[in-house]
Amino acid sequence: MSYRYDEAIDGPLVTHDRATVVAELRARVPGLTILHEAEELRPFECDGLSAYRTTPLLVALPDTVEQIETLLRYAHEARIPVVARGAGTGLSGGALPLEKGILLVMARMNRIVAIDPDAGIARVQPGVRNLAISQAAAPYGLYYAPDPSSQIACSIGGNVAENAGGVHCLKYGLTVHNILKLEVLTIEGERVTLGSDALDSPGFDLLALFTGSEGMLGIVVEVTVKLLTKPQSARVLLASFDDVERAGSAVAEIIGAGIIPGGLEMMDNLAIRAAEDFIHAGYPVDAAAILLCEVDGAESDVREDCERVEALLRTAGATDVRLARDEAERQKFWAGRKNAFPAVGRISPDYYCMDGTIPRRELPGVLSGIERLSQQYGLRVANVFHAGDGNLHPLILFDANAGETERAEALGGAILELCVKVGGSITGEHGVGREKINQMCAQFNADELTLFHALKAAFDPQGLLNPGKNIPTLHRCAEFGAMHVHHGALPFPELERF
Amino acid sequence: MRDDPIPLDDSQRLVDEIARAISTQTPLSVRGGNTKAFLGRGVPDGAPDGARELDTRSHSGIVRYEPTELVITARCGTSVAALSAALDAAGQMLPCEPPEFDGRATLGGAVASGLSGPRRPWAGSVRDFVLGCRLITGEAKHLRFGGEVMKNVAGYDMARLAAGSYGCLGVMTEVSLKVLPKPRATRSVVLDMTAGKAMTALTNWRRGALPVTGACYADGLLHVRLEGGEGSVESAIGHIGGADLDMAFWTDLREHRLPFFADPRPLWRLSLPVAAPLMPLPGDVMLDWGGAQRWLKSHADASSIQAIAAAAGGHATRYSADATPAPRGAASPFMPLSAPLLRLHRALKARLDPHGLFNPGRLYADF
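Scoring rules and cut-offs
- Residues numbered from 1 in each chain as written.
- Chains lettered and ligands numbered in written order.
- Predicted model: local features only at pLDDT ≥ 70, side-chain atom pairs only at ≥ 80, totals over all residues.
- Helix = DSSP H or I, 4+ residues; strand = E, 2+ residues; numbered from the N terminus.
- Rg over C-alpha atoms; globule rule 2.2 N^0.38 Å.
- Buried ≥ 20, exposed ≤ 12 C-beta atoms within 10 Å, placed from the backbone.
- Contact = placed C-beta atoms within 7 Å.
- Nonpolar A, V, L, I, M, F, W, Y, C, P; charged D, E, K, R; others polar.
- Pairing = 2+ DSSP bridges.
- Axes fitted to C-alpha atoms, helices over the stretch in contact; angles between N-to-C directions.
- Core = buried A, V, L, I, M, F, W, Y, C linked by C-beta atoms within 7 Å.
- Arc of directions from axis to C-beta.
- Domains from an automatic or database assignment.
- Parallel < 35°, antiparallel > 145°, perpendicular 65-115°, else oblique.
- Left-handed = near helix turned anticlockwise from the far one by under 90°.
- Expected span 1.5 Å × (residues − 1).
- pLDDT = per-residue confidence, 0-100.

Chemist: Which residues make up the overall build of chain A, and what values go with them?
Modeler: Along chain A, the regular secondary structure elements total 18 helices and 19 strands. Taking 498 residues into account, the globule formula puts the C-alpha radius of gyration at 23 Å, and chain A, at 23 Å, falls close to it. Seen through its C-alpha atoms, chain A measures out along the principal axes to roughly 70 × 60 × 40 Å. Residues counted as buried form 58% of the 498 residues belonging to chain A. Contacts in chain A between residues at least 24 apart in sequence constitute 73% of all its contacts with a sequence separation of at least 6.

Chemist: Would you mind going over the interface of chain B and chain A in detail, with residue names and values included?
Modeler: Contacts between the two partners involve 68 residues from chain B, matched on the other side by 75 residues from chain A. Looking at the side of chain B that touches chain A element by element, the count peaks at 8 residues for helix H11 (residues 339-352) of chain B. Partitioning the side of chain B that touches chain A into residue classes produces 31 nonpolar, 22 polar and 15 charged.

Chemist: Kindly report on the sheet that holds strand E8 (residues 179-185) of chain A, identifying the contributing residues and their values.
Modeler: All names here are of chain A. Ordered by their spatial adjacency, 5 strands build an open sheet running E5-E6-E10-E8-E9, and the pairing between neighbours is antiparallel. Two strands close off the open sheet at either side, each with one partner strand: strand E5 (112-116) and strand E9 (191-195). Across the sheet, the mean angle from the axis of one strand to that of its neighbour is 15°, orientation sign disregarded. Bridge analysis of E5 against strand E6 (residues 121-124) gives 4 bridges, and the strand direction is antiparallel. By the bridge assignment for E6, Ile-115 is matched with Ala-122. Contacting E8, E9 and strand E10 (219-226), helix H4 (residues 65-78) runs over the sheet at an angle of about 140° to E10.

Chemist: Before we move on, could you go through the sheet that holds strand E6 (residues 130-136) of chain B and cite the residues and values that matter?
Modeler: Residues and elements named next belong to chain B. Ordered by their spatial adjacency, 5 strands build an open sheet running E3-E4-E8-E6-E7, and the pairing between neighbours is antiparallel. Edge positions in the sheet fall to strand E3 (62-66) and strand E7 (142-146), since each of these pairs with one other strand and no more. If you compare each strand with its neighbour and ignore which way they point, the axes differ by 15° on average. Taken together, the 6 bridges between E6 and strand E8 (residues 171-178) define a ladder with antiparallel strand orientation. Residue pairing in the sheet places Leu-135 in a bridge with Met-172 of E8.

Chemist: Account for the nonpolar core, naming residues and giving values.
Modeler: Residues and elements named next belong to chain A. In this structure, Leu-291 and Ile-396 are the most contacted members of the largest nonpolar core, which totals 259 residues. It is helix H15 (residues 405-421) that provides the largest number of residues to this core, a total of 7 residues. Each residue touching Leu-291, except ones within four places of it in the same chain, is listed here: Ala-239, Ala-247, Ala-250, Val-251, Leu-264, Met-266 and Ala-387.

Chemist: Any details on helix H13 (residues 340-347) of chain A? Residues and values, ideally.
Modeler: Every α-helical turn comprises 3.6 residues, leaving residues that sit three or four positions apart pointing alike. All names here are of chain A. Along H13, the positions that sit buried rather than exposed are Ala-340, Ala-343 and Val-344. One side of H13 holds all its buried residues, which, seen down the axis, span an arc of 95°. Contact partners of the buried residues in H13: strand E13 (263-268), helix H10 (269-279), helix H12 (327-338), strand E16 (350-353), strand E18 (381-386) and strand E19 (391-398).

Chemist: Tell me about the domain arrangement of chain B, and name the residues and values.
Modeler: All names here are of chain B. Domain annotation of chain B identifies domain 1 (11-181), domain 2 (185-254) and domain 3 (267-318). The C-alpha centroid of domain 2 is placed 31 Å from the C-alpha centroid of domain 1. Listed as interface residues are 7 residues of domain 1 and, on the opposing side, 7 residues of domain 2. Here the residues of the side of domain 1 that touches domain 2 are counted per class, giving 4 nonpolar, 1 polar and 2 charged.

Chemist: Tell me what's going on with the packing of helix H17 (residues 446-459) of chain A against H11 of chain B, and back it up with residues and numbers.
Modeler: Where H17 of chain A contacts H11 of chain B, the two axes come as close as 8 Å, and the packing angle between them is 155°. In terms of their interaxial angle, H17 of chain A and H11 of chain B are classed as roughly antiparallel. In terms of crossing hand, the pair formed by H17 of chain A and H11 of chain B is right-handed. Contact residues: Ala-454, Leu-455, Ala-457, Ala-458 and Phe-459 of chain A in H17 of chain A; Leu-344, Ala-347, Leu-348, Arg-351 and Leu-352 of chain B in H11 of chain B. Among the residues forming the contact of H17 of chain A with H11 of chain B, the class breakdown is 9 nonpolar, no polar and 1 charged.

Chemist: Please set out the packing of helix H2 (residues 18-28) of chain A against H4 of chain A residue by residue, giving values where relevant.
Modeler: All names here are of chain A. One can describe the packing of H2 onto H4 by two numbers: an axis separation of 10 Å at closest approach and a directional angle of 135°. Between H2 and H4, the angle is such that the two are oblique. Classified by chirality, the crossing of H4 by H2 is right-handed. For the pair formed by H2 and H4, the contact residues are Glu-24, Leu-25 and Arg-28 on the first element and Thr-70, Leu-71 and Tyr-74 on the second. In terms of residue class, the contact of H2 with H4 is built from 3 nonpolar, 1 polar and 2 charged.

Chemist: Mind laying out H4 of chain A, listing which residues take part and the relevant values?
Modeler: Residues and elements named next belong to chain A. The terminal C-alpha atoms of H4, which comprises 14 residues, lie 20 Å apart, in line with the 20 Å expected from a rise of 1.5 Å per residue. Buried residues of H4: Gln-67, Ile-68, Glu-69, Leu-71, Leu-72 and Ala-75, and no others. Within two residues after H4, Arg-79 carries a phi angle of roughly 55°, on the positive side.

Chemist: Run through the pairing of strand E12 (residues 221-228) of chain B, naming residues and quoting values.
Modeler: All names here are of chain B. The buried count for E12 comes to 7 of 8 residues, which makes it a mostly enclosed element. In the sheet, strand E10 (residues 185-192) pairs with E12 via 8 bridges, with the strands oriented antiparallel. The residue of E12 that forms the bridge with Asp-192 is Leu-221. Sheet topology places strand E11 (residues 212-218) next to E12; 6 bridges connect them, and they run antiparallel. Note on E12: the bridge partner recorded for Cys-216 is His-223. Linkage of E11 to E12, two consecutive antiparallel strands, is achieved through a turn of 2 residues, within which Asp-219 is found at a positive phi near 50°.

Chemist: So, the domain arrangement of chain A: which residues are in play, and what are the values?
Modeler: The domain architecture assigned to chain A consists of domain 1 (7-105), domain 2 (112-229), domain 3 (233-342) and domain 4 (348-430). Taking only C-alpha atoms into account, the centre of domain 2 of chain A sits 30 Å from that of domain 3 of chain A.

Chemist: Account for the environment of His-393 of chain A, naming residues and giving values.
Modeler: All names here are of chain A. Its location among the elements puts His-393 in strand E19. Along the primary structure His-393 and Gly-428 are separated by 35 residues, whereas in three dimensions their C-alpha atoms are 9.4 Å apart. Leaving out residues up to four positions away in the same chain, His-393 has contacts with Cys-353, Met-354, Asp-355, Val-384 and Phe-385.

Chemist: Can you explain the pairing of strand E17 (residues 315-318) of chain B? Please cite residues and give values.
Modeler: Residue and element names in this part refer to chain B. Burial along E17 is two-sided: the residues His-315 and Thr-317 and Ala-316 and Arg-318 are all buried. As judged from the 4 bridges shared by strand E14 (residues 267-271) and E17, these two strands associate in the antiparallel manner. Across the sheet, Arg-269 pairs through a bridge with Thr-317, a residue of E17.

Chemist: Give a description of the confidence of the model for chain A that names residues and reports values.
Modeler: Confidence along chain A averages 93 in pLDDT terms, with 96% of residues attaining 70 or more. Counting interchain partners and residues more than four positions distant, the pLDDT-below-50 stretch residues 482-498 of chain A has 32 contacts.

Rendered as C-alpha cells:
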C-alpha cells in the first residue's frame, strides 16, 4: 500500500485515453494551454510534499474563468477527476495529481483585479501570490494579514483551499477570518458567489465551508480579501529559558495578563542550534527553549506591552530577555525562526515536518511525550511551536538512504496520535491532503466521516473534485484506521512514503 | 432576570427526541430562549402537519473554561449572559458581543443565528470566534467537529457552517468559542456632525488605525467607542474630540433598546459594504458598524428595500415578525438567493437533514 490513489480503497475512477482527452479539450476550450508530454508533466508531479509523486493525465493552465468553466463542464460530462493546484507549495499533498485526472494549475490567473483602500479590500485572482497582495497594498499603508512561511510563493487560491495560517494567527486570524467573498465554479461549471462585499450574507455560510475544503467542493476563481492598516509599531522580545516547561508557562502568563502578542513563537534547543548555525540570529545556543514575542499596534501601547511582557518573562523564570534594539535586529530575530525548517534541513539528510495542534496547557506533557517517542524510535526531533495558538511543528530528523523513512513515518503518526489524545488536531494549517488521510480515521469516527461525505456529495455527487484527499473512505479506515486505533501497533508501517 | 437552570448534560434527551422525530417523521422547531422568534419565517407548529418544539435549554452549563487558553466551551442551553459573567470575572469577553435579550438568549441560539454586536466590523462575527461544536445530525447522531484549538484544518469546517444556519442543518449541543481579554482602556464619545461628515471621518480613522470598536450614527450624532491600551485610547480621544458618552449606549444598541427601536414600524436591517455611500432610504435610519449595518424603520415593501440593498452590494433582512405567523408560502424575510446558490442550499439541506427535521422553512420556503 502506498500513498498512490488506490481505486479499491479510495473509489473507482473512469479510465480515459490521454490523446483523446487532449484532442477533445483542445476542441472544446480554444486557447487553453495543455501540457501532456512526459517532460512537460514532470514539474507538476508533486506539490510541496515532494516525496509523493504522480504523473497527471494532463496539465491545464487556464488564462480565463471562461476556460475553466468550459473545462469543468467537459470534465463533468466525461467524468474526469479534476485536481486544482495553486503554486504547489502545499505540505500535505493536497495538489498531488491523479494518473486519471486533469491537474488544473491556476498559476496564470494571477491578476490583482482591484484594490479599494477606503473599504480595505482587494479583489484578486486565485493565482496571485500571498505576498504580492501585501506588496500591492503597501502604497496605501495596508497589508493582507495571514502570512504562511511560504508567502513569497504560495497563492491566495491555495491559501483558501488550506485555510492557511502563519505566525500572526492568534491576533489576526486565519484565512477564513480575512476573506469576504469567493467566486467559485461548481463541478458543473456553474458560477456561484459566496459571501459578499458586505460583512455577512443571507443563507448558510458557504464561504466558511469552502475555506479549507482542499479543492473538494468547487474551484475558486476570485477572492476578495480584507486588508488591514499596518500597525504603527512592532517590537520583538527574545527570552531564553533553561527549561521548556517554564517557557510554556511564560506563554500562559502573558496571555493571562491580557496581552495578545502579534506573534508568539517557541523553539527548543535543537531547533535553536540549527537556526543559529544557519542564520546567526544571535540566539542563545545553550538555552533549552526560546520565546519570540512580538507586540504590535499603536506606539504607546507597544511600549506599555513590551514593559509588561518583559516583566512577566523574567518572573516566569527567563534567564535572559532581550528587546530587539531596532528594525534590523527585529528582522534578524525573526529570520532565525522563519528559516528554522531549512536550518534543520542542513543538519539532517531528511526531515519530516508535522503540524499538530494542542490546547496550550498540554504543551509540557506533549513535549516530554515527543521526547520519549523520539528516544523510543531512535530519531531526533526539533520542535518549532506557534506557541500563541497551540500549533506545534515537530521536525523529525532522519536519513532516507539509511532506511529510516518508515520509522520517521511511524514516529510522525505517533506524535499526531498524541495530539489527538490531548484534545488537539492532526493538522493546524498544512491540511490533510493525501499525507494525513489515514490519520483522519483517528481524528473522526465513522459517523463524522459519513457526514463529511454527505456534505461533499451535496456539491460534487460524482466525486470528481480532488478525489482521494481530505476525507478517507470508510473502507480506507476499516483497512488502516481500525488497526491504527485498536491494536496499538505502529501506524501504517506498510506505507511507502518518502 | 437570568434564570439559568442547573448545569446538566441533557444531550441524550435531545438525541432521543430527534430519533423519535425521525421515526414519526415530525419536523422540529428548535429553540433556546426563543428570543429570535422575530427572525426568519415561522416554523408552523402543531403536528401532524406542523413541527414539534425542541427546547434545548435544559442542556446547559459551562463545560470547560481556562482563561489562559482563550477558549470557553459550554452547552447550548447556557445563557449568553451566564457566559459573559464567567468571562467577565476572568477579565475576558466575547468580542463579537451577541445580544443577551434580557438574559434569555442562549449560546445555541446566539451561534445558530450568528447575530453580532457593535464591535463586529473590528473584532469579527460570532462565526469568526467559533472553534468547534458538537452537533446532533438529521440521523440522530451526536458528533463532534472542530475543537478547542485555534487552528484546525482537519475535515470540513462543519462548526463554522453551523454558525448562522438557524438550526436548519443540525442541533448544536455544545460550542467552543475563542475569547479575548477585555481591553485595558475603553472610552466612548459622541460628536455632533452630519452623516456625510461622519462617514468621511470613519474612513479616515480606519486608514489611520485609530482603535475604534464601535461607531453608530443616530439622531444627528456620531457615537464612537475606542478600546485598546491607555496611551492609544487617550491619544485617539485627543485626535477626534467629542463629548463623553455613557458606555451603556453600546449595550442598549446591542440589545435593541435604544429609542430608535421603539418606533412601531417594521424594522429592517441592511448589511452593506464597509465603504457603501449614504443613500436615501424610505424611512428612519440609524447607522451601526460604521455604516456597514443600517437599521431602517419603514413600511416600504420588502422588494423595494431589498432592491436598494442589493444595488449597494449588500442585502436586507426584515427584523420584525409579521403580526400573524407566516403561512407556508410566505416570502422569506431574508433576501432571495441566486438560483445556483439556492440549488446548493437545497442540496446541502437534503444531504445533512435528509428527513427535513430541522426548522423547515425557517430560512426559505424551499427548505
